[in-house]
Amino acid sequence: MPKDFLKGAADHYDVVVIGSGLGGLTAANILAREGRSVLLLEQHYKLGGLATWFKRPGGHIFDISLHGFPHGMVKSCRRYWSKEIAESIVQLDGVRFDNPMFSLTTSFDRKDFTNLLTTQFDVQHETVDKFFDTARGMNFYDDQAKTTGDLFEEFFPGREDIVRLLMEPITYANGSTLEDPAITYGIVFSNFMSKGVFVFQGGTDKLVKSMEKVMKENGVDIRINCGVDKINVGTKGVESVEVNGRTIKTDAVVSNANLRSTIFKMVGEDKFDSKFMDAAKEVRLNNSSTQVYMAMHPDDTVPRETGDLLFSSTADRFQTDLLLSRDITSRTFSFYYPDTRPETKERTLIVSSTNANYSDWAGLSKEDYEASKQDLVDTTLDALEKYVPNARERIVHAEAATPLTFEHYTQHDAGASFGTKFEGLEVSRTLPQQISGLYHAGSCGIIMSGWLGTINYGVIVANDVINQLNKSAATSPVA
Ligand SMILES: Cc1cc2nc3c(=O)[nH]c(=O)nc-3n(C[C@H](O)[C@H](O)[C@H](O)COP(=O)(O)OP(=O)(O)OC[C@H]3O[C@@H](n4cnc5c(N)ncnc54)[C@H](O)[C@@H]3O)c2cc1C
């Protein structure tokens, strides 16, 4: 008989959270901390969603999305998780750029960028200050007609090299383009510029295990291998979810699954009004990624000056469509030195990440798919030679993940790395106005994706749910 992953689960919970990405985990934790009964359902056998890791023989542990996040994570983790989690966040000091236009190393904060822009790129101090202040001052309610491209043209007209410096890391960090609204750039860039780039020391495995411990202490009922098929909606709103052959009743659902799957697959078009549906259909998925995971021989490492995060490109010019091309010219290398996981065996690992189109990988025959993956590994090793001499001989394990890999493990349509594009945010926020008790907290819009964005979105949505449950309790006949 197959294992019953819902053994002992109750028939009713105040809230069901679908998906254990950072947004789902945070929403579940806050709701349980506030005394609500919470069931967390994850379709995969592991918690974390894209915040995940995998092990390979030889003591190698690879992180998938631990490349860097802004300092704001410290505050969010301290407030909504634990002091222990917040205290494991450490700064990366070596962010490198290497492309035909410039090569430099930076601490990736306002002070250093100001210095670089005024000395190496010959921009007036006043212009740089004004640019930073403008980016910092942007907020969600601003004019959305101005694009990121317009913003750069306003401050640095015709300066493709500056656009590359300012934009390449953000495009890598969230797939945004020069055509996206400027606020999406301004908010994310300013978040990084406040203090630099940070990571979680101990690795994603330590983070997710610590989060699981905190959730258990707060009473979240956590279930893995539990993929939700359907969210049932009645005349008054959300009623229940269908999972592993069971129907579990609930007063509210927080879906951390992709916004489009939540609406179109789990709820169904007929449950929403036509105007909302029109907007939902316009929501574009974000692009996907490829990654190559490489392990150095256990006795080998690279000098620290190699950097922590290296934006490398052989393309003469910066173009966002080139960043997605199968003919890869830009790669971001993350170097994980032995102190990434001080409590485990000393290992040096390198992960190369590139934004990618799902359509370039879907529909290949098995043979072509495997050959394309091998080609990705080979060309990445060639590119790495520039920074790690004799990389081919020194790398003892290398394997690739593609958009299909991300789709398989997270169920994001087309392996979307950052949920949906910016227009998804409005649709996500208005879900509860369509169906009482239905919420979405997951990557959508550039602001609400990435580790910090999704954690903060989980907080916002958990508070919305608490308000709704309090209101319902106050107006119920028993109350
Ligand atoms: C290659 C790559 C590198 C990245 N690097 C960084 C980085 O360096 N810094 C950074 O800040 N961000 C990075 N990100 C982005 C970041 O990882 C994500 O934005 C964030 O982790 C997404 O969190 P989320 O809450 O939206 O949920 P997700 O991580 O998308 O998780 C959704 C969860 O829902 C589950 N699910 C889906 N459908 C169902 C269902 N029907 N029933 C039950 N469960 C379901 C999935 O299995 C999954 O666990 C990277 C992403 C990728 C792909």
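Here's a quick rundown of the structure. Bear in mind the structure is a predicted one, so any value in this text is a computation, not a measurement.

Our next topic: the environment of Thr 344. Looking at where Thr 344 falls in the secondary structure, it is placed in the loop between strand E15 (330-336) and strand E16 (349-356). Beyond its immediate stretch of four places on either side in the chain, Thr 344 contacts Gly 59 and Ile 61.

Across soluble globular proteins, nonpolar side chains have a tendency to be buried as a group. Among the nonpolar cores identified, the biggest contains 128 residues, and Val 16, Ala 28, Val 38, Val 253 and Val 254 are the most heavily contacted of them. Per-element tally for this core: the top contributor is helix H7 (residues 160-174), with eight residues. Excluding its chain neighbours within four sequence positions, the residues that come into contact with Val 253 are Val 16, Ile 18, Ile 231, Val 238, Val 241, Gly 437, Leu 438 and Tyr 439. Among the nonpolar cores identified, the runner-up in size contains six residues, and Trp 361, Ala 414, Ala 416 and Phe 418 belong to it.

Turning our attention to the environment of Lys 55. Relative to the assigned elements, Lys 55 resides in strand E3 (residues 53-56). Residues in contact with Lys 55, not counting those within four places in the same chain, are His 60 and Ile 61.

We now examine helix H2 (residues 72-80). Buried within H2 we find Met 73, Ser 76, Cys 77 and Tyr 80. Down the axis of H2, the smallest arc covering the buried residues is 95 degrees, so these residues share one side. Buried residues along H2 sit against helix H1 (22-33), helix H3 (83-87), strand E5 (89-92), strand E8 (197-200) and helix H17 (450-475).

So, on to the packing of H7 against helix H8 (residues 182-195). Packed helices, taken two at a time, are described by their axes: the angle between them and the distance between them. H8 packs onto H7 with a crossing angle of 95 degrees between their chain directions and a minimal axis gap of 10 Å. With respect to H8, the axis of H7 lies roughly perpendicular. Mapping the contact onto sequence places Leu 166, Ile 170, Ala 173 and Asn 174 in H7 and Tyr 185, Val 188 and Phe 189 in H8.

The subject of this paragraph is unusual backbone geometry. If you check the backbone angles, Asn 390 has positive phi at about 55 degrees while not being a glycine. You can see Asn 390 is positioned in the loop between helix H13 (366-384) and helix H14 (391-394). For Ala 414, which is not a glycine, the phi torsion comes out positive at approximately 55 degrees. Position of Ala 414 relative to the elements: it lies in the loop between helix H15 (403-410) and helix H16 (424-434). Among the residues examined, Ala 414 registers 20 C-beta atoms within 10 Å and is labelled buried.

Okay, H7 next. Because an α-helix packs 3.6 residues into every turn, residues spaced three or four apart end up facing the same way. Taking 1.5 Å of rise per residue, the 15 residues of H7 would be expected to cover 21 Å, and the 20 Å separating its terminal C-alpha atoms lies within 8% of that figure. In terms of residue burial, H7 counts as a mostly covered element, since 12 of its 15 residues are buried. When H7 is considered as a whole, its buried residues turn out to be Ile 162, Val 163, Arg 164, Leu 165, Leu 166, Met 167, Pro 169, Ile 170, Thr 171, Tyr 172, Ala 173 and Asn 174. Among the residues trailing H7, Gly 175 stands out with phi positive, at a value near 75 degrees.

A word on the pairing of strand E4 (residues 60-63). Side chains His 60 and Phe 62 of E4 all project onto a buried face; the interleaved residues Ile 61 and Asp 63 project onto the opposite face, where all are buried too. Here E3 runs beside E4; their pairing, made up of four bridges, is antiparallel. Bridging across to E4, Phe 54 finds its partner in Phe 62. Between the antiparallel neighbours E3 and E4 lie three residues, among them Gly 58 with a positive phi of about 100 degrees.

Calculation rules
- Residues numbered from 1 in each chain as written.
- Predicted model: local features only at pLDDT ≥ 70, side-chain atom pairs only at ≥ 80, totals over all residues.
- Helix = DSSP H or I, 4+ residues; strand = E, 2+ residues; numbered from the N terminus.
- Contact = placed C-beta atoms within 7 Å.
- Core = buried A, V, L, I, M, F, W, Y, C linked by C-beta atoms within 7 Å.
- Buried ≥ 20, exposed ≤ 12 C-beta atoms within 10 Å, placed from the backbone.
- Arc of directions from axis to C-beta.
- Axes fitted to C-alpha atoms, helices over the stretch in contact; angles between N-to-C directions.
- Parallel < 35°, antiparallel > 145°, perpendicular 65-115°, else oblique.
- Expected span 1.5 Å × (residues − 1).
- Pairing = 2+ DSSP bridges.

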